[in-house]
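# Commentary on secondary and tertiary structure
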Amino acid sequence: MMTSFNEINLNKQLKNSLQELGFKSQTPIQEKTFSKILSGKDLVGIAQTGTGKTIAYCLPLLQELSYTKQNNPRILILVPTRELVAQVVETLEQLTSYIACRIIGVWGGTNINTQKNRMQEGADIVVATPGRLYDLALCRSLQLKGIKKIVIDEVDVMLDLGFRYQLINIFELLPYKKQSIMFSATMTEDVEYIINNFYNKPEKVQIALSGTPLNNISQTKYSVPNYYTKVNLLSLILKDSNEMRKVLVFVSSKRIADRLYEAMSELYSSEVAVIHSNKSQNYRFRSINEYDNGKVRVLIATDIIARGLDLNKISHVINFDAPIYPENYMHRIGRTGRAEEGGKTILFYTEKEEKNTARIEDLMQMKITKLDIPLDVEISQQLTAEEHRQNGKNYNRNSKEVDLNTAFHEKKAKNLKVNDRDKWRKERRKKYKKPKSRGDKGVNLRKK
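None of the values given here were measured: they were computed from a predicted structure. (Residues numbered from 1 in each chain as written. Predicted model: local features only at pLDDT ≥ 70, side-chain atom pairs only at ≥ 80, totals over all residues. Heavy atoms only, no water.)

## Here we look at the overall build of the protein chain
- Within the protein chain, the regular secondary structure consists of 17 helices and 16 strands.
- The buried share of the protein chain, reckoned over its 448 residues, is 47%.
- Considering only contacts in the protein chain between residues 6 or more positions apart, those separated by 24 or more positions represent 74%.
- Summed over all atoms, the accessible surface of the protein chain reaches about 24900 Å², with 47% contributed by carbon and sulfur. (Helix = DSSP H or I, 4+ residues; strand = E, 2+ residues; numbered from the N terminus. Buried < 20%, exposed > 50% of the residue type's maximum accessible area, 1.4 Å probe, protein only. Contact = heavy atoms within 4.5 Å. Areas by Shrake-Rupley, 256 points an atom, 1.4 Å probe, with all protein chains shown as cover.)

Structure representation (structure tokens):
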């Protein structure tokens with residue numbers, strides 16, 4: 001039985017905010033970490049995505065946050081993406097609706113001067129991506145000497161994105177006496193390095209092992225011959241708008257995301273949106289807001305939103321391909337079945353992706369239910385350029401077939417010669433022989 005928020009040590013203002021948001025009971029990660037964070041000890045929380053980690057660290061931090069007039073922030077929260085910054089800031093603003101608290105969110109890709117001006121106005125809590133935070137600290141627009149608590153959320157994603165250098169440098173700028181809190185879905189060697197070098201005997205709380213499938217998510221898979229057959233299958237599945245009321249489609253690359261978006265837009269026009277890292281900041285925020293508010297039914301995305309974002313009531317997650325790393329599959333399907341609601345996931349995989357699918361099933365220690373492709377789906381013979389290359393063939397811009405196996409041949413005899421830079425010296429020495437030294441000449445004269 002989960003503990004009610006009314007039964008824990010929270011001030012009246014936070015309880016009122018939780019009541020307005022409709023939160024009644026704690027999730028397991030919230031229940032196990034609340035008192036430990038309040039104790040002031042360093043903490044490492046390991047839990048799957050969608051288990052309420054944001055509320056787990058926000059509540060105890062706000063419970064202890066007292067009013068002050070100092071400009072330098074006291075709480076620092078680091079997250080990997082700008083979308084997560086916006087989400088955490090929104091959550092904090094909702095929880096502090098009855099509390100005087102200055103919250104600032106900063107991320108890269110925007111005008112840093114605007115963020116510098118905001119920092120001068122003062123802040124209690126700063127939510128940031130590591131790169132932009134480090135830039136602001138280096139130019140002294142952000143003073144970290146007043147930080148009492150630091151939270152790193154989705155630290156494994158940060159390290160995957162290449163933020164290790166910035167994280168280490170940020171820790172070196174922080175005061176020695178502070179509380180360090182970390183949340184992650186997986187425990188890797190890089191995560192262990194951060195813990196061992198910058199955390200002081202942290203308590204570890206683990207709710208579920210990485211790879212443990214959520215019981216409330218139904219999983220199925222389709223074996224599909226190629227990309228265009230996947231497109232045909234997806235277009236048929238999306239026809240049932242009552243069943244597929246809110247769908248998140250994950251793809252492996254930005255190129256495939258744009259290509260699939262064009263194909264689906266022809267059939268479902270305004271019902272489809274796309275998001276990946278090449279899109280502008282405003283475009284990304286608009287796509288997520290329209291999807292979360294129900295204006296868009298299908299969102300095509302790369303793994304940029306596979307972690308952390310709390311998107312409401314997603315009915316289906318479709319993996320358009322089998323990801324190389326099985327942990328990514330777990331993060332993807334964690335977008336549905338959140339807050340103990342039911343969810344459904346579908347996986348498309350080709351013959352080339354069978355090994356990836358097998359690794360996913362090994363990680364979960366279960367087999368995904370396989371379904372037959374419906375008879376209504378056209379099995380396409382058309383291949384993409386990537387599939388042609390996988391088959392050992394390439395097609396140029398004029399669509400003329402080129403066999404890659406015949407592209408290499410033996411060199412001609414003249415091209416087999418090795419360039420010898422001292423060749424002329426050797427030939428000259430051979431023709432004129434070695435000259436006699438002066439000493440030799442003197443010896444010969446005396447002998448005469």
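## Things to note about the sheet that holds strand E3 (residues 103–106)
- Sheet architecture is open: seven strands sit in the order E3-E4-E2-E5-E6-E1-E7, paired in parallel fashion. Two strands in the sheet have a free side with no partner beyond their single neighbour: E3 and strand E7 (203–206). Neighbouring strand axes in the sheet, compared pairwise and without regard to direction, differ in orientation by 15° on average.
- Taken together, the five bridges between strand E5 (residues 149–153) and strand E6 (residues 179–184) define a ladder with parallel strand orientation. Each residue of the ladder has a partner; that of Lys149, found in E6, is Gln179.
- Each of strand E1 (43–46), E6 and E7 touches helix H9 (residues 189–198); the most contacted strand, E6, lies at about 170° to it. (Pairing = 2+ DSSP bridges. Axes fitted to C-alpha atoms, helices over the stretch in contact; angles between N-to-C directions.)

## Brief notes about helix H13 (residues 326–333)
- Of all eight residues making up H13, six are buried, and the element is well covered by its neighbours.
- Within H13 the residues assigned to the buried category are Pro326, Tyr329, Met330, His331, Arg332 and Ile333.
- The elements touched by buried residues of H13 are helix H7 (155–160), strand E8 (217–223), strand E9 (247–250), strand E12 (316–319), strand E13 (343–349) and helix H14 (354–364).

## Here we look at the pattern of salt bridges
- Counting across every chain of the model gives 17 salt bridges.
- The salt bridge involving Asp124 is made with Arg74; its shortest N-O contact spans 2.9 Å. With a gap of 50 residues between them, Asp124 in the loop between helix H5 (112–120) and strand E4 (125–128) and Arg74 in the loop between helix H3 (53–64) and strand E2 (75–78) connect regions that are remote in the sequence. For the pair shown, Asp124 and Arg74 are each scored as buried.
- Between Asp321 and Arg332 there is a salt bridge, with its nearest N and O atoms 3.4 Å apart. Of the two residues, Asp321 is situated in the loop between E12 and H13 and Arg332 in helix H13; the sequence distance between them amounts to eleven residues. Each member of the pair, Asp321 together with Arg332, is buried.
- Residues joined in a network through salt bridges with shared partners are Lys36, Lys41 and Glu203. (Salt bridge = Lys/Arg side-chain N within 4 Å of Asp/Glu carboxyl O.)

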